[in-house]
There are 4 protein chains.
Amino acid sequence: MSCPAPSKTHFAHPFDDDKLREECGVFGVVGVTDAANFVALGLHALQHRGQEAGGIVAHDAEYGFNSAHRFGYVRDNFTKSSLMETLPGDVAIGHVRYSTAGSKGAVIRDIQPFFGEFSMGGCAVAHNGNLTNADALRRELIERGAIFQSSSDSECIIHLMARSIQRKHADRIADALRRVEGAFSIVAMTRTKLIGVRDPLGVRPLVLGRIGEKGYVLSSETCALDIIGAEFVREIDPGEMVVIQDGKIDSSRPFGPSKGRFCIFEHVYFSRPDSAIGGRSIYETRHAIGVELAREAPVDADLVCPVPDSGTPAAIGFSQESGIPFALGITRNQYMGRTFIEPTEQIRNMGVRLKLNVNRSLIRGKRVILVDDSVVRGTTSRKIKDMILDAGAKEVHFRIASPPTAWPCFYGVDTPNRDKLLAAQMSEDEMRDWVGVDSLKFISLNGLYRAVGEADGRDNACPQYCDACFSGEYPIAPSDQIEKGFEMKAAE
Amino acid sequence: MSCPAPSKTHFAHPFDDDKLREECGVFGVVGVTDAANFVALGLHALQHRGQEAGGIVAHDAEYGFNSAHRFGYVRDNFTKSSLMETLPGDVAIGHVRYSTAGSKGAVIRDIQPFFGEFSMGGCAVAHNGNLTNADALRRELIERGAIFQSSSDSECIIHLMARSIQRKHADRIADALRRVEGAFSIVAMTRTKLIGVRDPLGVRPLVLGRIGEKGYVLSSETCALDIIGAEFVREIDPGEMVVIQDGKIDSSRPFGPSKGRFCIFEHVYFSRPDSAIGGRSIYETRHAIGVELAREAPVDADLVCPVPDSGTPAAIGFSQESGIPFALGITRNQYMGRTFIEPTEQIRNMGVRLKLNVNRSLIRGKRVILVDDSVVRGTTSRKIKDMILDAGAKEVHFRIASPPTAWPCFYGVDTPNRDKLLAAQMSEDEMRDWVGVDSLKFISLNGLYRAVGEADGRDNACPQYCDACFSGEYPIAPSDQIEKGFEMKAAE
Amino acid sequence: MSCPAPSKTHFAHPFDDDKLREECGVFGVVGVTDAANFVALGLHALQHRGQEAGGIVAHDAEYGFNSAHRFGYVRDNFTKSSLMETLPGDVAIGHVRYSTAGSKGAVIRDIQPFFGEFSMGGCAVAHNGNLTNADALRRELIERGAIFQSSSDSECIIHLMARSIQRKHADRIADALRRVEGAFSIVAMTRTKLIGVRDPLGVRPLVLGRIGEKGYVLSSETCALDIIGAEFVREIDPGEMVVIQDGKIDSSRPFGPSKGRFCIFEHVYFSRPDSAIGGRSIYETRHAIGVELAREAPVDADLVCPVPDSGTPAAIGFSQESGIPFALGITRNQYMGRTFIEPTEQIRNMGVRLKLNVNRSLIRGKRVILVDDSVVRGTTSRKIKDMILDAGAKEVHFRIASPPTAWPCFYGVDTPNRDKLLAAQMSEDEMRDWVGVDSLKFISLNGLYRAVGEADGRDNACPQYCDACFSGEYPIAPSDQIEKGFEMKAAE
Amino acid sequence: MSCPAPSKTHFAHPFDDDKLREECGVFGVVGVTDAANFVALGLHALQHRGQEAGGIVAHDAEYGFNSAHRFGYVRDNFTKSSLMETLPGDVAIGHVRYSTAGSKGAVIRDIQPFFGEFSMGGCAVAHNGNLTNADALRRELIERGAIFQSSSDSECIIHLMARSIQRKHADRIADALRRVEGAFSIVAMTRTKLIGVRDPLGVRPLVLGRIGEKGYVLSSETCALDIIGAEFVREIDPGEMVVIQDGKIDSSRPFGPSKGRFCIFEHVYFSRPDSAIGGRSIYETRHAIGVELAREAPVDADLVCPVPDSGTPAAIGFSQESGIPFALGITRNQYMGRTFIEPTEQIRNMGVRLKLNVNRSLIRGKRVILVDDSVVRGTTSRKIKDMILDAGAKEVHFRIASPPTAWPCFYGVDTPNRDKLLAAQMSEDEMRDWVGVDSLKFISLNGLYRAVGEADGRDNACPQYCDACFSGEYPIAPSDQIEKGFEMKAAE
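Rules used throughout
Residues numbered from 1 in each chain as written. Chains lettered and ligands numbered in written order. Predicted model: local features only at pLDDT ≥ 70, side-chain atom pairs only at ≥ 80, totals over all residues. Heavy atoms only, no water. UniProt positions renumbered as here; feature names shortened; annotations may be inferred. Helix = DSSP H or I, 4+ residues; strand = E, 2+ residues; numbered from the N terminus. Rg over C-alpha atoms; globule rule 2.2 N^0.38 Å. Buried < 20%, exposed > 50% of the residue type's maximum accessible area, 1.4 Å probe, protein only. Contact = heavy atoms within 4.5 Å. Areas by Shrake-Rupley, 256 points an atom, 1.4 Å probe, with all protein chains shown as cover. Least-squares fit on C-alpha atoms with pLDDT ≥ 70 in both. Polar contact = N/O pair within 3.5 Å; in protein donor to acceptor, adjacent residues only side chain to side chain. Buried area = accessible area lost by both parts, 1.4 Å probe. Salt bridge = Lys/Arg side-chain N within 4 Å of Asp/Glu carboxyl O. Nonpolar A, V, L, I, M, F, W, Y, C, P; charged D, E, K, R; others polar. Patch = residues over 30% accessible without salt bridge, like charges linked within 9 Å, V, L, I, M, F, W, Y side chains within 5 Å. Pairing = 2+ DSSP bridges. Axes fitted to C-alpha atoms, helices over the stretch in contact; angles between N-to-C directions. Phe/Tyr/Trp six-rings, centres within 6.5 Å; stacked < 30°, edge-to-face > 60°. Lys NZ or Arg CZ within 6 Å of the ring centre and 35° of its normal. Disulfide = S-S within 2.5 Å. Core = buried A, V, L, I, M, F, W, Y, C linked by side-chain atoms within 4.5 Å.

By the naming in an unreviewed UniProt entry, chain A is Amidophosphoribosyltransferase, taken from Thioclava dalianensis. As recorded by UniProt, the Sequence similarities (unreviewed entry) comment attached to chain A reads in full: "In the C-terminal section; belongs to the purine/pyrimidine phosphoribosyltransferase family." A UniProt comment under Function (unreviewed entry) is attached to chain A, and it reads "Catalyzes the formation of phosphoribosylamine from phosphoribosylpyrophosphate (PRPP) and glutamine."

1. Overview of the overall build of chain A
Secondary structure assignment for chain A yields 19 helices and 27 strands. Here the C-alpha radius of gyration of chain A, 23 Å, is about what a compact globule of 492 residues would show, namely 23 Å. Counting every position in chain A, which comprises 492 residues, the buried fraction comes to 65%. Here the analysis covers contacts within chain A between residues at least 6 apart in sequence; of these, 69% occur between residues at least 24 apart. Carbon and sulfur atoms form 47% of the exposed surface of chain A, whose accessible area is close to 16800 Å².

2. Focus on the relation of the copies chain A and chain D
Superposition record for chain A on chain D: RMSD 0.0 Å, screw rotation 180°, translation along axis 0.0 Å. One copy is carried onto the other by what is essentially a two-fold rotation axis. Within chain A, the C-alpha atom positioned nearest to the axis of rotation is that of Gln-334 of chain A, 3.9 Å from it.

3. Some points on the side chain of Asn-128 of chain C
Residues and elements named next belong to chain C. Its location among the elements puts Asn-128 in strand S8 (residues 121-131). Here Cys-24 takes part through its backbone oxygen, which lies 3.3 Å from a polar atom of the side chain of Asn-128. Asn-128 has contacts with Glu-22, Cys-24, Val-26, Arg-49, Ala-183, Phe-184, Ser-185, Arg-204, Pro-205 and Ser-220, leaving out every residue within four places of it along the chain.

4. What about the interface of chain C and chain D?
Every contact between the two is made by 32 residues of chain C and, on the other side, 33 residues of chain D. Contact between chain C and chain D buries roughly 2800 Å² in total, counting both sides, with carbon and sulfur atoms accounting for 59%. Linking chain C with chain D are zero salt bridges. On inspection of chain C and its partner chain D, the count reaches three residue pairs in polar contact (both at pLDDT 80 or more). At the level of elements, strand S5 (64-71), strand S7 (114-118), helix H5 (134-143) and helix H6 (155-163) of chain C are the ones that each hand at least two residues to the side of chain C that touches chain D. Among the elements that take part in the side of chain C that touches chain D, H6 of chain C stands out by supplying five residues, more than any other. Here the side of chain C that touches chain D is built from residues that sort into 16 nonpolar, 10 polar and six charged.

5. Examining the relation of the copies chain C and chain D
Put simply, the second copy of the chain is the first one after a rotation about an axis and a shift along it. Once turned by 179° and shifted 0.0 Å along the axis, chain C lies on chain D with an RMSD of 0.0 Å. The overlap is high: 100% of the interface residues of chain C also sit at the interface in chain D, so the same surface is used on both sides.

6. Some points on the interface of chain A and chain D
Contacts between the two partners involve 61 residues from chain A and, on the opposite side, 61 residues from chain D. With both chains or domains summed, chain A and chain D bury close to 5200 Å², and 52% of this area falls on carbon and sulfur atoms. Three residues, Arg-75, Tyr-335 and Gln-346 of chain A, lead the burial of chain A against chain D; their summed loss comes to 15% of the area buried on that side. For the side of chain A that touches chain D, the element with the most residues is helix H2 (residues 35-45) of chain A, which contributes five residues.

7. Things to note about unusual backbone geometry
Here the amide bond leading from Gln-112 of chain B into Pro-113 of chain B is cis, since omega sits at 0°, within 30 degrees of zero. Among the secondary structure elements, Pro-113 of chain B is positioned in the loop between strand S6 (91-97) and strand S7 (114-118). The amide bond that connects Pro-308 of chain C to the next residue, Asp-309 of chain C, takes the cis arrangement and shows omega of -15°. Residue Asp-34 of chain B is not a glycine yet carries a positive backbone phi of 50°. On the secondary structure map, Asp-34 of chain B appears in the loop between strand S3 (24-30) and helix H2 (35-45). Unlike most non-glycine residues, Asp-246 of chain D shows phi in positive territory, near 50°. Mapped onto the elements of the fold, Asp-246 of chain D is located in the loop between strand S14 (241-245) and strand S15 (248-252). Here Asp-246 of chain D falls in the exposed class, since its relative accessible area comes to 59%.

8. Description of a nonpolar patch on the surface
Judged by side-chain polarity, Phe-71 and Ile-108 of chain A together with Phe-71 and Ile-108 of chain B come together as a nonpolar surface patch covering roughly 280 Å² of accessible area. Its location among the elements puts Ile-108 of chain B in the loop between S6 and S7. A residue is classified by how much of its surface remains accessible, and Ile-108 of chain B, at 30% relative accessible area, is partly exposed.

9. Brief notes about the sheet that holds strand S19 (residues 303-306) of chain A
Residues and elements named next belong to chain A. The four strands lie next to each other as S19-S23-S24-S26, forming an open sheet whose pairing is parallel. Since the sheet does not close on itself, it has two edges, and those belong to S19 and strand S26 (439-442), each with one partner. If you compare each strand with its neighbour and ignore which way they point, the axes differ by 20° on average. Set on the sheet, helix H11 (residues 312-322) makes contact with S19, strand S23 (367-372) and strand S24 (395-400); between it and S19 the angle comes to about 165°.

10. Comments concerning the arrangement of the chains
Separated in space, chain A and chain C share no contact, their closest pair of C-alpha atoms being 13 Å apart. Where chain B comes nearest to chain D, the C-alpha atoms are still 13 Å apart, and the two do not contact one another.

11. Notes on the pattern of salt bridges
Residue and element names in this part refer to chain C. Summed over the entire model, instances satisfying the criterion amount to 113 salt bridges over all chains. Ionic pairing is found between Arg-49 and Glu-266, a salt bridge with its closest N-O pair at 2.8 Å. Here Arg-49 is found in the loop between helix H2 (35-45) and strand S4 (53-60), whereas its partner Glu-266 is found in helix H9 (residues 265-270), with 217 residues between them in sequence. One salt bridge connects Arg-97 with Glu-52, and the closest N-O pair in it is separated by 2.8 Å.

12. A short note on the UniProt feature "binding site: [4Fe-4S] cluster" (unreviewed entry) in chain A
Residues and elements named next belong to chain A. In the numbering used here, UniProt assigns the feature "binding site: [4Fe-4S] cluster" (unreviewed entry) to Cys-263, Cys-409, Cys-466 and Cys-469. Separation in sequence by 207 residues is not matched in space for these annotated residues, since their most distant C-alpha atoms are only 10.1 Å apart. Its place among the elements puts Cys-409 in the loop between S24 and strand S25 (413-414). In this structure, Cys-466 is in contact with Arg-261, Phe-262, Cys-263, Ile-264, Tyr-411 and Pro-475, ignoring residues within four places of it in sequence.

13. Section: the packing of aromatic side chains
Geometrically, a pair of aromatic rings is defined through the distance of the ring centres and the angle of the planes. Evaluated as defined, the whole model comprises 62 aromatic pairs over all chains. Centroid distance Trp-407 of chain D to Tyr-474 of chain D: 6.4 Å. Interplanar angle 85°. Geometry classified as edge-to-face. Note that Trp-407 of chain D is positioned in the loop between strand S24 (395-400) and strand S25 (413-414) and Tyr-474 of chain D in the loop between helix H18 (468-471) and helix H19 (479-483), a separation of 67 residues in sequence. Each member of the pair, Trp-407 of chain D together with Tyr-474 of chain D, is buried. Taken together through their ring pairs, the aromatic side chains of Trp-407, Phe-410, Tyr-411, Tyr-474 and Phe-486 of chain A make up a single cluster. One residue, Arg-382 of chain B, lies across the ring of Trp-434 of chain B, its end atom 4.1 Å from the ring centre.

14. Quick look at the state of the cysteines
Using the criterion set out here, one finds zero disulfides over all chains in the structure. Cys-156 of chain D carries a free sulfur, and the closest cysteine sulfur to it, the one in Cys-24 of chain D, is 14 Å from it.

15. Overview of the pairing of strand S5 (residues 64-71) of chain A
Residues and elements named next belong to chain A. Pairing analysis gives eight bridges linking strand S4 (residues 53-60) to S5, with the strands arranged antiparallel. Directly across from Ile-56, in S5, lies its bridge partner Ala-68. Linking S4 to S5, which pair antiparallel, is a turn of three residues.

16. Considering the nonpolar core
Judged by nonpolar contacts, the single largest core of 159 residues is most densely connected at Leu-370 of chain B together with Leu-370 of chain C. Apart from residues no more than four positions distant in its own chain, Leu-370 of chain C is found in contact with Cys-305, Val-307, Ile-330, Ile-384, Ile-388, Val-396, His-397, Phe-398 and Arg-399 of chain C. Core analysis: the second largest hydrophobic core is formed by 158 residues, Ile-277, Val-396 and Phe-398 of chain A together with Tyr-269 of chain D among them.

17. Topic: the sheet that holds strand S13 (residues 231-235) of chain D
Across a sheet, paired strands are connected by hydrogen bonds in the backbone, their directions being either parallel or antiparallel. All names here are of chain D. Read across the sheet, seven strands follow the order S5-S4-S6-S3-S12-S11-S13 without closing on themselves; strand pairing throughout is antiparallel. The strands lining the two open edges of the sheet, one partner per strand, are strand S5 (64-71) and S13. Neighbour-to-neighbour, the strand axes of this sheet turn through a mean angle of 15°, independent of strand direction. Strand direction decides the pairing type here: strand S3 (residues 24-30) and strand S6 (residues 91-97), joined by seven bridges, are antiparallel. In the sheet register, Cys-24 faces S6, and the bridge partner there is Arg-97. Relative to the sheet, helix H2 (residues 35-45) contacts S3, strand S4 (53-60), S6 and strand S11 (207-211), its axis offset from that of S6 by approximately 25°.

18. Notes on the side chain of His-397 of chain D
All names here are of chain D. Relative to the elements of secondary structure, His-397 occurs in strand S24. Take His-397: its relative accessible area is 5%, and that puts it in the buried class. Ignoring any residue separated from it by four or fewer positions in sequence, one finds His-397 in contact with Val-299, Asp-300, Val-368, Ile-369, Leu-370, Asp-438 and Ser-439.

Next up, the structure:
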């Protein structure tokens, strides 16, 4: 069901609209008492991947499957003993989710994990990613008698499972996933098993950890292993399925052999800096991006200031490479949430000033380099520039820790339409003028590849990462979007 | 999904456990602006049929289908303009629901109407009644790939519809209902149609009303027509389906010819006294029951007092027939709700005294006849007797406006297991002694039939009503229950 | 502090505006464990005297004084163990309150009991009634350095106590009350004492009960003794103060000798029918009013119907005296609360139909006598008449169980301004025509006095009751009001 | 009134207990339309000074004084148009408040501003600081008839005003403040005036700003001027009172001449880094502290990491002075609030891990310098050390950006009792061993003075700042505390 025009009583301030947004985080654990408590902690650590809502399903031998789905932060819902007591058992999975602002109303039925009762027992599924053929699948499934309960693409998976003739849950999951296209990291559970799958390209992350005697954990990021004291074991491979039961892990490759193309933007912005990928922390990678950026686009200045908070590691790297002092020239108000309910007109008009304030005494008279992670619409960059100039800065130079974001992502990231992406409309120089700064430079795509550890840069013949948002080269055809009229980049 | 033991933080006081409970009310309207507002008012008038939760689905040409499902009273949810604005359109249906206390946790997915997206467009269904073969159907549907979202039997209907090969919604509904057994009064809607169906026996009520130029209404009871100013047209016949569109009514008989057996307990207790059935108000029928009871079971006394509030019409009838003065000897606290959240120990122990108080000055030294509608477990009768004697009554005589309730209902009424029904365990005399009163008499089954207008009483060969709760004669075999071990009354 | 225009988001429906409203109920207990639990139950029984808010103060030897003040029903707040655990101790008092609609915003600081910390220890005071010189007292007290925290007149009492030079709390209360004019029934508490006082005329009620070994209770009405199983001892006399400690009662007369003039409207409407005054239940008195009314204003008709719920006892009396059958022709929706939050336009316009419904089948073609307790603005009477005629009644006759309400009350009852009182503007015949009924008759003042037990009717030289709302004879000069321009009835 | 033991349903995690806490922030504005909106924004910027509750009072010529007091963050309450519409007018003040954990229950009556109705009109007062003779004053005022409504010391001020015989509000405020001892920065308002006062020593901050044509602002810090676009004018002087009306400022010195002793801890921790004092930003001062610390206590290591977030500026300074690379080795979870409601056992036991996570890949094998702002109980330092070592650090060195906190503050800061202060019990070496790190060094008191701009360090004869928490030299005798047995430092 769709919904009337979005209510005037909620207001997500513009600052939050000017970022790409990871749409989900997933977490699951098996083989521990009160598994749902661990899931709650894991989801709290993954909250940056989805701030709108969260859900947990748990299974207990006596009480069966139980679930709770809630809007709001994990910490406000899944820390309460009165709720957690309703989620007993030693296997549980959970999901946090970001809603796509404005496009539709938020309804509780859209919150994952989804659950299906099958003849061989119940199964819950949590999905991080996006299916690029979900519209077509949904039409087909409805034709065949499926009743959809949500507007979520991910619900297709459970309906495809229900129509599989396999006898085991894991085989049904594999059957279902062979029908879908797109990006997915799946965490699923049955009464006794924890199951993890990554799509053949491994676009979205998924890691395996161990906890206690015989417990295992699946998580979007390693930072969520840390919070529960789990030990990192390894990343799930692109195209791999793991089925964990009684302390044993069964690994298979349901999609045949494949070479991964991990999302490079996870390095730039989505993942938490204290998570590690490939043995190196995201913080270090971002620091390396800053170093690379200082080499590619040096500028003489007095201070290097991060745009809080995600620009900080790159700013430190830029400062250390350039020798220009690092300083916190912009302070972030730590009491900001994401939305306002029924806000006054004045609040609506405040925009970024509710969240950021310039350290005027520090900035006055200085030549300032601002390091930000990305430019999406560019509106925030303009406002920050205004604030910095208003504080008396002599020069303002933007350095961006990612290449120009010129193409939308269809693999589980909330991006504006292409015509809203500043870099799709303008050259770097035009952007500089539009933002109104003394200089504006993005890291090159090759520079970014070097920073993430590819010493020779991007292999254009066979790129090591998914970088469609920068390059327009989509490793999986976005078929639903193409049907709706999206124009791919012309072959060169 | 099932749930752990019911939370200690909620407490439905025992007084409420000692009644049979209608489980639902349904209401729908087509052909009026802001149809959902009318549905809200109708549901408010039907709140006695289901106090736990309510839901409304509406369709608007521009905004499509929208829905809201809420726990709590209609008046606390569906009167707010901020909610009602999200339910635009000129066709809408709604449902109120009573939860079966203690047996399972209340989850929002169980709240009706249910909605299904079909290839020919969406359809919402609200169901009053109970399907006696729902367990078997559910197993079969799951085997065939259905994903159930609720624990409600009624969800089978939407899945059966999804598997029908008919091209019209109404035909799919008929297909689906031909597969189910049990009692049902259905109100359904598509983008432009309002649809009503009653099962072949017409166990649960459903009436048709007209509003405005070309609007039509379907409702469980006539009292809900009154509140919106709709005019009563007629009752939907047992086994009839009506499809209403553009001010025209199309009637059909999808189940072949049938003779109705309306639930006689609707007369005794479920329906509101100001609703009319067969041209006579429920109030008048209950009054007639009291008259009949005074003839069948006279007793010399000083006062006739109703057990509030449902015993009042019968008590007036008893008083007028017997000449013994009618008086309000027991006062009901009008600020009682149904449940307490996290109550103190003292509240838990208060029981009926929270709700009822005896008028001590009035009762002292008097011989009192108490008229109640029914005896279920009998625990409340004992407590009321204690209160009356404690206030100094000289004699206490119970007169019950229904025959002994000795059998559970499987057609949409919440009844305890048979071993909890006092009348299944004891004779009338044993009940009198167990309750501890000077006399205790039930109206006879024939007397009840006479009171509802059957001058010759019950036609035992072919009973005019469903009276299974009194007679043990189930007009529809409760097949799920029999499979679970329920023993039907032995043939005589 | 005052407040901007009342918010459009709340809506008390007009039906509730057309009644006089008792403004408060008080309750206190000493000498029992967990005294606050008893107070909560007592206030629940007194909820009809004040539905907007409630407060409880309790004292415990270890934890000292604690309090809770809440908007909403007692049952929604003071039944929760998490709240009640914060109110330990063996002495406690409480208050329920009705807000004067529209005139000012409701603020939590206005909820009683009020508390003052004095040099000899804390004291909490709950007040039922109204002080007629509160404005003047407040000005004087502010001049002398008092900081008022509420807009409540009752707060004057605590400030007057603070300025007394007496050493004992009870003496300070007496000092304070000798300065005030108006009507008051006070329940107060110190660390160990429960204190009760009635004004010299005893306008508002206050009764004493006993509970357990050495516990005592003070309550506005006897029905609140019943709910906690307390035994009625006696009424507190007009002008009496009782100080209860360690199971002993010390009685005194701080205002000198006086003859009481109890509010006669408590009999007509305010008190609960199961409360007793002077050994007779209110129900019986109202029944007697109906009998008297049938004698004074007989009319030939088919049915006597009460206007729910308060007209019921008088309607029964009218029926039994006249021989015309009693019937419930109007059904009250038991799921109505008092206010709506942010209601839709349609809800705003529904008025009385949200709450009452006519039993159409019963009423059609009948000559109907409607018995109501009072006529204030008359607007509801008109709407009920419309509903009855719309249902097809042949004749409608109103019989009112009180004399015409022509004067506002200044002693603790919420009455509209005089120009809003129908009886202040019109004769009985004019009212009949304005309401639009076949006849409309009020009981005479003498008839009312006879019904409450004064065989010779009203003693006009020295009236036995306060009947200012009918007679315009105010036993206590409303000095604040006179200063604001209120014109008393001219001496005859 | 006091309260029973703090509820088990709330839980402020231990990490938050291990900091000193500023107890309040104040803000006021006059001469702008919808002044309360500006106050709300100002309080949002000052939220770090008091996170528990906030209040606003506004005055409008038509609607008079209105107020709102709420628990929770400013952004969750005072951004809603439905609330802000109830606070019209062109003068308003507000207050945010931190509650003293555990010692008493939070009650809404304790939330400031306090309001008094005086014969010359109402006055609202908001107080940042603490009165050291409040207990004695309260006893005296109660003896003289004052009724206290809160447990707040600040309420004394309004009662002292009520007893003043002055004709003007400002004179009454001066009268009242001459009676109090302790630290205070006051923002007050009448119908037309905004009033600001600082105690003779100017312990707590207060600054003046200008907005629009003729508007003026008073605020605890300059960062709150920035958010509303106000221009900084100057700091209010120690011992100065300003009365602002119609765009004119009247300055006076009600306490005679005095030399200020501003709280040095505002530099170290309380104030926001983007606020400026004496023309230099707090950020720069903290950076200078880090520089000083690197000189005083150098150590060979691989990384300098801040303990988030308050240690960051000093860590940057330390890194830049020492040449050891700065890195974010510890990540703070940005979705943490301060308290949990009814948390699970597991949440209770998580402690600091809910909030902080170590970047394991970065830290492994490194010698790490951790820079924190202060050590209070030391418990958090131990837990952070455990986390760092668990991540594989080779060495851990703590550097603390303030001297040892060995004495409680009585001037408006929430400090534990002296016996809970680690530095009151142990030497620096003992602390190092107790925390379990390779080295632990505090900046010297002279070093701190140099960093805040006193080139010659502390003037021991006449210290430039209040540093009682470090030195035990209390510039204002804490008389209430001494009466309760607090032992001052022996004179040397």
